[in-house]
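Analysis of the macromolecular model
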Amino acid sequence: MDRAVALARSHLGRTSPNPVVGCVLLDARGTILGEGVHRGAGNPHAEVEALRAAGARARGATAVVTLEPCTHTGRTGPCTGALLAAGVARVLYAVPDPTPRAGGGAALLRAAGVQVVGDVRREAAEHANELWLTSVRRERPCVTWKFGGTLDGRSGAADGTSRWITGSEARADAHRLRAEHDAVLVGAGTLRADDPHLGLRHGVLGKPPLRIVLSRDGVLRPDARVLDAAAPTLVVTAENAVAARLPHGHETVALPYDTEGLDLTALSRELYRRGLRSVLLEGGAALAAGFARRGMLDRAVCYLAPLFLGANGRPVLDEFGADRLADGLRFEFGEIDRLGEDLRCVLRTRTAAELRPEPRPDSG
């Protein structure tokens, strides 16, 4: 299963609106007969790729797959049908498919006489596919808040300087994180202050994420780096803004604004409708606070430097209404790694963690 999870992880950011899935086929001695990974909507599913690699040797084999095989016919046929046609004798899967349309594959396979075992290395597979899983369970894109800061929660000094709080290894990892998401989002304040590019650098390969800029009036500097041809950009304006003509095929969309800013619920609905299942929130502190107020921060990836700036430093998060400890934004610690002199911490909100369903009673 660890190999199947690694295959799934290798295609993060490339498959939406579909999940990342990896599959490995084994013979009775545990020898790998074939491997497969889902490469994106319209492409064969992981099970089908693995079956093609194994050929006739798939008969009597064991399929190890990160997500319960699907039952529906969309752009491709159902994986359950392919497994049955190939004569696979045993299926081990990690995570039940949470979608009503595609779920139920385990029961169908059992009814056909296939030995099925669920919840195998489930936590590892959940983490590999958590962007898609959180999105389909909440029916909106999964939002990851990414920030680099000091140990006392400051994103920059009082004079406005912020480059570079963290080291080169942390910055390179942040680009790998960007490549795993469907879109990267910043507010107008960050755009004015930093003129970010929001593309992939530091040797990171993959599909560049959609760059999303929130701008109430829709006015961007004509030489803003997000308007180059390196990746598509979506500018989100207020409904009464004058539509701007953008170069390189970039697009604008008008959504409701209120006294607190953009209607983030409307934004989430629009992005989900466009097939986006994950958004990386990169700036700034006020925008992150807006998502926090609405309970829409699902996870955070923070890069922490061994540095203190004190009360005069700029906070990573603006005030969002937490006057009591009970009102605070509570996270669960996930993976913690050392990157050069810095720490990389993955945090998950408790509400997101609670979305993970309990194992099914019949999972072997």
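Look a little higher up for the structure.
Scope of this entry: the structure provided in the associated data block. (Residues numbered from 1 in each chain as written. Predicted model: local features only at pLDDT ≥ 70, side-chain atom pairs only at ≥ 80, totals over all residues. Heavy atoms only, no water.)

1. Some details on the overall build of the protein chain
The line we're drawing: Secondary structure elements follow DSSP: runs of H or I of four or more residues count as helices, runs of E of two or more count as strands, with numbering from the N terminus. For a compact globule the rule gives 2.2 Å times the number of residues to the power 0.38, and the radius of gyration it is set against comes from C-alpha atoms. Whether two residues touch is decided by their heavy atoms; if any such pair falls within 4.5 Å, the residues are in contact. What sets the accessible areas is the Shrake-Rupley method with a 1.4 Å probe; for residues, cover comes only from the shown protein chains. Counting rule for charge: Lys and Arg are taken as positive, Asp and Glu as negative, and neither His nor the chain ends is counted. To locate a charge, the coordinates of NZ of Lys, CZ of Arg, CG of Asp or CD of Glu are taken.
For the protein chain, the count of helices and strands is 11 helices and 18 strands. Taking 21 Å as the expected radius of gyration for a compact globule of 364 residues, we find that the protein chain reaches 22 Å, a close match to that expectation. Pairs at least 24 apart in sequence give 68% of the contacts found in the protein chain among residues at least 6 apart. As presented, the protein chain carries roughly 16800 Å² of accessible surface, and 51% of it is formed by carbon and sulfur atoms. For the protein chain, the centre of its 47 positive side-chain charges and the centre of its 43 negative side-chain charges are spaced 4 Å apart.

2. Observations concerning a nonpolar patch on the surface
Condition: Surface patches are defined over residues having more than 30% relative accessible area and no salt bridge, joining like charges when they lie within 9 Å and nonpolar side chains (Val, Leu, Ile, Met, Phe, Trp, Tyr) when within 5 Å. By definition here, a salt bridge exists when the distance from a side-chain nitrogen of Lys or Arg to a carboxyl oxygen of Asp or Glu is within 4 Å.
A cluster of nonpolar side chains, Phe333, Ile336 and Leu343, forms an exposed patch at the surface whose accessible area comes to about 320 Å². Residue position: Leu343 is located in strand S18 (residues 342–349).

3. Regarding the packing of helix H2 (residues 46–54) against helix H3 (residues 79–86)
For clarity, the cut-off: Helix axes are fitted only over the stretch in contact, all axes being lines through C-alpha atoms; the angle between N-to-C directions runs from 0 to 180 degrees. Geometric relationships in this document are graded by angle, where less than 35 degrees denotes roughly parallel, more than 145 denotes roughly antiparallel, 65 to 115 denotes roughly perpendicular, and other angles denote oblique. Note on convention: the crossing is left-handed when the near helix lies turned anticlockwise from the far helix by less than a right angle, right-handed when the turn is clockwise. Put simply, Ala, Val, Leu, Ile, Met, Phe, Trp, Tyr, Cys and Pro go in the nonpolar bin, Asp, Glu, Lys and Arg in the charged bin, and everything else, Gly too, in the polar bin.
Across the interface, H2 lies against H3 with an axial gap of 9 Å and an inter-helix angle of 20°. The orientation of H2 relative to H3 falls into the category roughly parallel. For the element pair H2 and H3, the recorded crossing hand is left-handed. Here Glu47, Val48 and Leu51 of H2 come into contact with H3, specifically with Cys79, Ala82, Leu83 and Ala86. Split into classes, the residues belonging to the contact of H2 with H3 amount to 6 nonpolar, no polar and 1 charged.

4. A closer look at the environment of Ser16
As a reminder, the rule being used: Here's how the labels work: a residue is buried when its accessible area is under 20% of the maximum for its type, exposed when over 50%, partly exposed in between, all with a 1.4 Å probe on protein chains only. By the criterion applied in these results, polar contacts are pairs of N or O atoms within 3.5 Å in which, for protein atoms, one can donate a hydrogen and the other can accept it, and in which residues neighboring in sequence qualify only through two side-chain atoms.
Here Ser16 shows up in the loop between helix H1 (2–9) and strand S1 (22–26). Judged by relative accessible area, Ser16 falls into the partly exposed class, the value being 26%. Note: C-alpha distance between Ser16 and Arg277 (261 residues apart in sequence) is 6.2 Å. The contacts of Ser16, once residues within four sequence positions are left out, are Asp182, Gly275 and Arg277. A distance of 2.6 Å separates a polar atom in the side chain of Ser16 from a polar atom in the side chain of Asp182.

5. Comments concerning the nonpolar core
Defined as follows: Residues belong to one nonpolar core when they are buried, are Ala, Val, Leu, Ile, Met, Phe, Trp, Tyr or Cys, and are joined through side-chain atoms within 4.5 Å.
Among the nonpolar cores identified, the biggest contains 37 residues, and Leu25, Ala63, Leu83, Val88 and Val91 are the most heavily contacted of them. Sorting elements by how many residues they give to this core places strand S4 (residues 90–95) first, with 5 residues. Leaving out residues up to four positions away in the same chain, Val88 has contacts with Leu25, Leu51, Ala58, Gly60, Ala61, Ala63, Leu83 and Val114. In terms of nonpolar packing, the next biggest core, distinct from the first, is built from 34 residues, Leu264, Leu287, Ala292 and Leu347 among them.

6. A look at the sheet that holds S4
Consider a sheet: its strands pair through backbone hydrogen bonds, and that pairing is either parallel or antiparallel. Quick note on the threshold: At least two DSSP bridges between two strands are required for those strands to pair.
What the 5 strands build is an open sheet, ordered S2-S1-S3-S4-S5; its pairing is mixed. Of all strands in the sheet, those with a lone pairing partner are strand S2 (32–37) and strand S5 (115–117), marking the two edges. Across this sheet, the average inter-strand angle for adjacent strands is 15°, counted without regard to direction. As paired strands, strand S3 (residues 62–67) and S4 are joined by 5 bridges and run parallel to one another.

7. Some details on the sheet that holds strand S14 (residues 278–283)
Reading across the sheet, the 9 strands line up as S11-S10-S9-S8-S14-S6-S15-S18-S17 and stay open at both edges, with mixed pairing between neighbours. Edge positions in the sheet fall to strand S11 (251–255) and strand S17 (331–339), since each has one partner strand and no second. Mean inter-strand twist for the sheet, computed between neighbouring axes without regard to direction, equals 25°. Note that strand S6 (residues 142–150) and strand S15 (residues 299–305) share 7 bridges and pair parallel. In the strand pairing of S15, Gly148 is matched with Tyr303. Running over the sheet, helix H6 (residues 130–138) touches S6, S14, S15 and S18 and is turned about 130° from S6.

8. Some points on the pattern of salt bridges
Under the definition given, this model contains 22 salt bridges. Between Arg122 and Glu126 there is a salt bridge, with its nearest N and O atoms 3.4 Å apart. Highlighted residues: Arg122 and Glu126, both in helix H5 (residues 122–128), separated by 4 residues, approximately one helical turn. Taken as a pair, Arg122 and Glu126 share a single burial class, namely buried. Here Arg344 and Asp173 are joined by a salt bridge, their closest N and O atoms 2.6 Å apart.

9. Overview of the pairing of S17
Relative to S18, S17 runs antiparallel, the two sharing 7 bridges. Paired with Leu339 across the bridge in S18 is Asp342. Connecting S17 to the antiparallel partner S18 that follows it, the hairpin turn spans 2 residues, and Gly340 within it adopts a positive phi of roughly 60°.

10. So, H6
A large share of H6 lies buried, amounting to 7 of its 9 residues. Three or more residues of H6 are buried, namely Glu130, Leu131, Trp132, Leu133, Thr134, Ser135 and Val136. Count one or two residues on from H6 and you reach Glu139, which has phi positive near 55°.

Interpretation in functional terms is not warranted from these geometric data alone.
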